[in-house]
Amino acid sequence: REVGPGGGCIVTGVAMPWLADTDVGAAYGFARSIVGARTEAELQRRALQALAELVPADVLTWDRVELSTGAVDHEATPVGAEPPGAFDAVVGHAGDHPLLAAHAARRRKALRLSDVVEPSALTRGELYGDLLHAAGVEYEIAIGMRTGRGEAVVAGLGRTERGFSERDRDVLDIARPGLERALRATQARGRLIRALADDPPPGTAVLLLDHDGEIELSSPEAGRWLAEHFGKADHPGWLPRPVAEW
């Protein structure tokens, strides 16, 4: 955006859809609805419920994809929405499902099933005939999150009667970062709880790092002790330089 002659605005760039204020507010409100989840199971339940309120859907799915192998841990809501055993029979690994494969390959915006596979090709396959159509899913959209632990989590929404709009995709794109942060924090909290469950001796401080060496969570004394012995870190989420180099 530039200031033109006489103070007017000249707007340049790529055209983009505009969301109503109510839609933007609902998308940002999604993050508030999942704050406070203490376990991954609770976060999953809250997130799927909130996603369905944000973008109405008949079937919701939550898939954990192991990036190194493509192995998938799949859950669908409501219970019984999919034929028993159909997912395991059709989707042996993430590559067998276009949306899972796309989100496992790299970070992406929200994707509709029609964005990654032609409808005519889809309807000829087992994925549609034995799983999606049998569950009443004619249209599907999904967002993907990286946990930082070698996996992707893909949340999917399926509908029977009507496809997903640009509005649906845009609000999911706004909601996704908040869900990813909550997912990482909840997993880190769980790992910290497990680390402390061994009943460490009094005076022990615990610091939890991710694969990049950045601090995910720490016990109250850990940050203070590190600063006292090794100096202040360059960034609140980093280790002091001597410790990081070691």
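One structure accompanies this document, and this report is about it. Because the structure is a prediction, the values reported are computed rather than measured.

**Points about the pairing of strand β6 (residues 139-146)**
Each regular strand carries side chains that alternate between the two faces of the sheet. Burial analysis of β6 places seven of its eight residues in the buried class, which makes it a mostly covered element. With two bridges joining them, strand β5 (residues 111-112) and β6 adopt antiparallel strand pairing. Residue Leu111 lies in a different strand from β6, and its bridge partner there is Ala142. Pairing between β6 and strand β7 (residues 151-159): eight bridges, direction antiparallel. Along β7, the bridge assignment pairs Ile141 with Leu157.

**A look at helix α4 (residues 98-105)**
Residues of α4 that are buried include every one of Leu99, Leu100, Ala102 and His103, and no others. Buried residues of α4, seen end-on, are gathered within an arc of 165 degrees and therefore sit on one face of the element.

**A closer look at unusual backbone geometry**
In this model, Thr77 is joined to Pro78 through a cis peptide bond whose omega is 0 degrees. For Pro78, the location among the structural elements is in the loop between β4 (72-77) and α3 (86-90).

**Considerations on empty space enclosed by the protein**
Tallied over the entire structure, the rule returns two cavities of 30 Å³ or more. Lining the largest cavity are 20 residues, and of these Thr61, His74, Glu82, His97 and Glu140 lie nearest its centre. Breaking the lining of the largest cavity down by element, the ones donating at least two residues are β3 (59-66), α4, α7 (126-132), β6 and β7. In this structure, the second largest cavity encloses a volume near 40 Å³. Counting residues per element, the lining of the second largest cavity draws most heavily on β6, at three residues.

**Some thoughts on the packing of helix α1 (residues 21-34) against helix α2 (residues 40-54)**
The interhelical angle for the contact between α1 and α2, taken along N-to-C directions, is 160 degrees, at an axis separation of 9 Å. Comparing the axis directions of α1 and α2 gives the class roughly antiparallel. α1 and α2 meet at a crossing whose hand is right-handed. Across from Ala26, Ala27, Phe30, Ser33 and Ile34 in α1, the residues of α2 making contact are Leu43, Arg46, Ala47, Ala50, Leu51 and Leu54. Here the contact of α1 with α2 is built from residues that sort into nine nonpolar, one polar and one charged.

**A word on the nonpolar core**
Core analysis: the largest hydrophobic core is formed by 29 residues, its most contacted members being Phe30, Leu51, Trp62, Ile143, Leu157, Leu172 and Leu179. Broken down by secondary-structure element, the contributors of at least two residues to this core are α1, α2, β3, β6, β7 and α8 (166-196). Counting residues in each nonpolar core, the second largest holds 24 residues, with Val72, Ala86, Leu132 and Val137 among its members.

**A look at the pattern of salt bridges**
With the rule as written, the count across this model stands at 15 salt bridges. Salt-bridge contacts for Glu166 lead to Arg112; the nearest nitrogen and oxygen are separated by 2.9 Å. Taken as a pair, Glu166 in helix α8 and Arg112 in strand β5 lie far apart in primary sequence, 54 residues in all. A relative accessible area of 14% means that Arg112 is categorised as buried. Of the charged contacts in the structure, one is a salt bridge between Glu180 and Arg176, with a shortest N-O distance of 3.6 Å. Here the residue Glu180 and the residue Arg176 both occupy positions in helix α8, the gap between them amounting to four residues, near one helical turn. A single burial state applies to Glu180 and to Arg176, both of which are buried. If you follow the salt bridges from partner to partner, you end up with Asp23, Arg159, Arg167 and Asp168 in one network.

Calculation notes
- Residues numbered from 1 in each chain as written.
- Predicted model: local features only at pLDDT ≥ 70, side-chain atom pairs only at ≥ 80, totals over all residues.
- Heavy atoms only, no water.
- Buried < 20%, exposed > 50% of the residue type's maximum accessible area, 1.4 Å probe, protein only.
- Helix = DSSP H or I, 4+ residues; strand = E, 2+ residues; numbered from the N terminus.
- Pairing = 2+ DSSP bridges.
- Arc of directions from axis to C-beta.
- 1 Å grid on protein atoms, 1.4 Å probe; cavity = no way out; pocket = protein on both sides within 12 Å on 5 of 7 lines; lining within 4 Å.
- Points joined across faces, edges and corners; volume = space filled by probe spheres on them.
- Axes fitted to C-alpha atoms, helices over the stretch in contact; angles between N-to-C directions.
- Parallel < 35°, antiparallel > 145°, perpendicular 65-115°, else oblique.
- Left-handed = near helix turned anticlockwise from the far one by under 90°.
- Contact = heavy atoms within 4.5 Å.
- Nonpolar A, V, L, I, M, F, W, Y, C, P; charged D, E, K, R; others polar.
- Core = buried A, V, L, I, M, F, W, Y, C linked by side-chain atoms within 4.5 Å.
- Salt bridge = Lys/Arg side-chain N within 4 Å of Asp/Glu carboxyl O.

Functional significance is not addressed by these values, which are geometric in nature.
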